[in-house]
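Results of the structural survey
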Amino acid sequence: MVNFFLFILGAIVGSFLGMLTYRLPLGLALTGRSKCTRCKKTIEWRDNIPIFGYFLLGGRCRSCKKPFGIRYPLIELISALSFVVVGYFAQNLWEGFFLIAFTSISLALLVIDLEHKILPDILILLLGVLVFLFILTLPSPQIFTHLLSGFGAFLFFLAIYLLTRGRGMGFGDVKLSFVLGMFLGYPNTILWLFLAFVSGALVGVILLILGRAGFKHELAFGPYLLAAAWVTYFWGNAILNKYAQVAF
């Protein structure tokens, strides 16, 4: 029953995130009913039911029959499944609330960076405030370790940014690295960096092989940072323990 509730809640939040990630980069108002981008007709509430509304309409506008695309139901489904994972791993109510908020903001950043190659400052700031409040609930030595990990990640990414003159990554990635490093602490920050760079490199190679990108093609790195941080938080200890068993 809890998982079902979290799935529905995640789908509802995902519906909001679909709207937010479309309007925010374009500077559109975040209030008001959704409309079809072609015929400008307001989408009825029954057609806005997360995930199911898309399939009930056959993925098309009820008025003009223009395809909506898979974007919105995909965001809703990913959000819903992410909330279920949070419910499985959260050890208490406070951690659950924090991880739901963290997941929601992270998903918004991931989608916007994929589509527009930008990481809005307002979302990074919200994520940073949220993470800082969370680590304040940790024992004092851990707070210092998490802050130090954040500064370490920031300096590492800043060095890359300066050495490549912004061609290796954007400054939004530099700011985001501080927040995610502060979130994960040590030694998980090391694993997070490894997963982010390896996954980014693998996807880059695959795109090159498929002819979907060239050596001068700009790839958004934020999604790999965010996805790797999420994986590291939930499965990082298990991965590190497995590595220690194999290595030693």
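Described below are features of the structure shown in this document. Fair warning: this is a prediction, and the values are worked out from it, not measured in the lab.

Each helix and strand counted, the protein has nine helices and zero strands in total. Seen in sequence order, the protein has helices and strands lined up from the N terminus as α-α-α-α-α-α-α-α-α. A compact globule built from 248 residues should have a C-alpha radius of gyration of about 18 Å, and the protein, at 19 Å, falls within 12% of that. If one aligns the C-alpha atoms of the protein with their principal axes, the spans along those axes are about 60 × 50 × 35 Å.

Relative to the helices and strands, Pro67 resides in the loop between helix H2 (52–56) and helix H3 (71–89). Put simply, Pro67 and Leu136 are 69 residues apart on the chain and 46 Å apart in space, counted from C-alpha to C-alpha.

With that settled, the discussion passes to the side chain of Asn188. Within the secondary structure, Asn188 is located in helix H8 (residues 188–210). The class of Asn188 is buried, set by a relative accessible area of 11%. When near neighbours in sequence (up to four residues on either side) are disregarded, Asn188 contacts Thr232, Gly236, Asn237 and Leu240.

Moving on, we come to the packing of helix H4 (residues 93–116) against helix H5 (residues 121–135). The contact between H4 and H5 brings their axes to 10 Å, and the two run at 160°. One way to sum up the angle between H4 and H5 is to call them roughly antiparallel. Handedness of the H4/H5 crossing: left-handed. Seen from H4, the contacting residues are Trp94, Glu95, Phe98, Ala101, Phe102, Ile105, Ser106, Ala108, Leu109 and Ile112; seen from H5, they are Leu123, Ile124, Leu126, Leu127, Leu130, Val131, Leu133 and Phe134.

Look at the link from Tyr186 to Pro187: it is a cis peptide, with omega at 10°. Relative to the helices and strands, Pro187 resides in the loop between helix H7 (171–184) and H8. At Ile51, a position not held by glycine, the phi torsion is positive, near 65°. Within the secondary structure, Ile51 is located in the loop between helix H1 (2–23) and H2.

Using the criterion set out here, one finds two salt bridges in the structure. A salt bridge links Lys175 to Asp121, with the nearest nitrogen and oxygen atoms 2.5 Å apart. Of this pair, Lys175 sits in helix H7 while Asp121 sits in helix H5; the two residues are 54 residues apart in sequence, bridging distant segments of the chain. Of the residues examined, Lys175 reaches a relative accessible area of 27% and is grouped as partly exposed.

A word on the packing of aromatic side chains. Using the criterion set out here, one finds 23 aromatic pairs in the structure. Ring centres 5.5 Å apart and planes at 90° place the aromatic pair Phe156 and Phe157 in the edge-to-face group. Relative to Phe234, the ring of Trp230 lies with its centre 4.8 Å away and its plane at 70°, an arrangement referred to as edge-to-face. Residue Trp230 and its partner Phe234 are both found in helix H9 (residues 222–247); the two are separated by four residues, about one turn of the helix. The buried category is assigned to Trp230, whose relative accessible area is 17%. Above the plane of the ring of Tyr72 lies Arg71, whose end atom (NZ or CZ) is 4.9 Å from the centre.

Along the chain, Ala201 falls in helix H8. For Ala201, a relative accessible area of 44% gives the class partly exposed. Sequence separation of Ala201 and Ile43 is 158 residues, and the distance between their C-alpha atoms is 40 Å.

Before going further, it helps to spend a moment on a nonpolar patch on the surface. Taken together, the side chains of Ile122, Leu125, Leu126, Val129, Phe132, Leu133 and Leu136 present a nonpolar region at the surface, about 630 Å² in accessible area. In this structure, Val129 sits in helix H5.

Before going further, it helps to examine the environment of Gly170. Within the secondary structure, Gly170 sits in the loop between helix H6 (140–163) and H7. By relative accessible area, which is 32% here, Gly170 ends up partly exposed.

Definitions and cut-offs
Residues numbered from 1 in each chain as written. Predicted model: local features only at pLDDT ≥ 70, side-chain atom pairs only at ≥ 80, totals over all residues. Heavy atoms only, no water. Helix = DSSP H or I, 4+ residues; strand = E, 2+ residues; numbered from the N terminus. Rg over C-alpha atoms; globule rule 2.2 N^0.38 Å. Buried < 20%, exposed > 50% of the residue type's maximum accessible area, 1.4 Å probe, protein only. Contact = heavy atoms within 4.5 Å. Axes fitted to C-alpha atoms, helices over the stretch in contact; angles between N-to-C directions. Parallel < 35°, antiparallel > 145°, perpendicular 65-115°, else oblique. Left-handed = near helix turned anticlockwise from the far one by under 90°. Salt bridge = Lys/Arg side-chain N within 4 Å of Asp/Glu carboxyl O. Phe/Tyr/Trp six-rings, centres within 6.5 Å; stacked < 30°, edge-to-face > 60°. Lys NZ or Arg CZ within 6 Å of the ring centre and 35° of its normal. Patch = residues over 30% accessible without salt bridge, like charges linked within 9 Å, V, L, I, M, F, W, Y side chains within 5 Å. Areas by Shrake-Rupley, 256 points an atom, 1.4 Å probe, with all protein chains shown as cover.

Keep in mind these numbers describe shape, not what the thing actually does.
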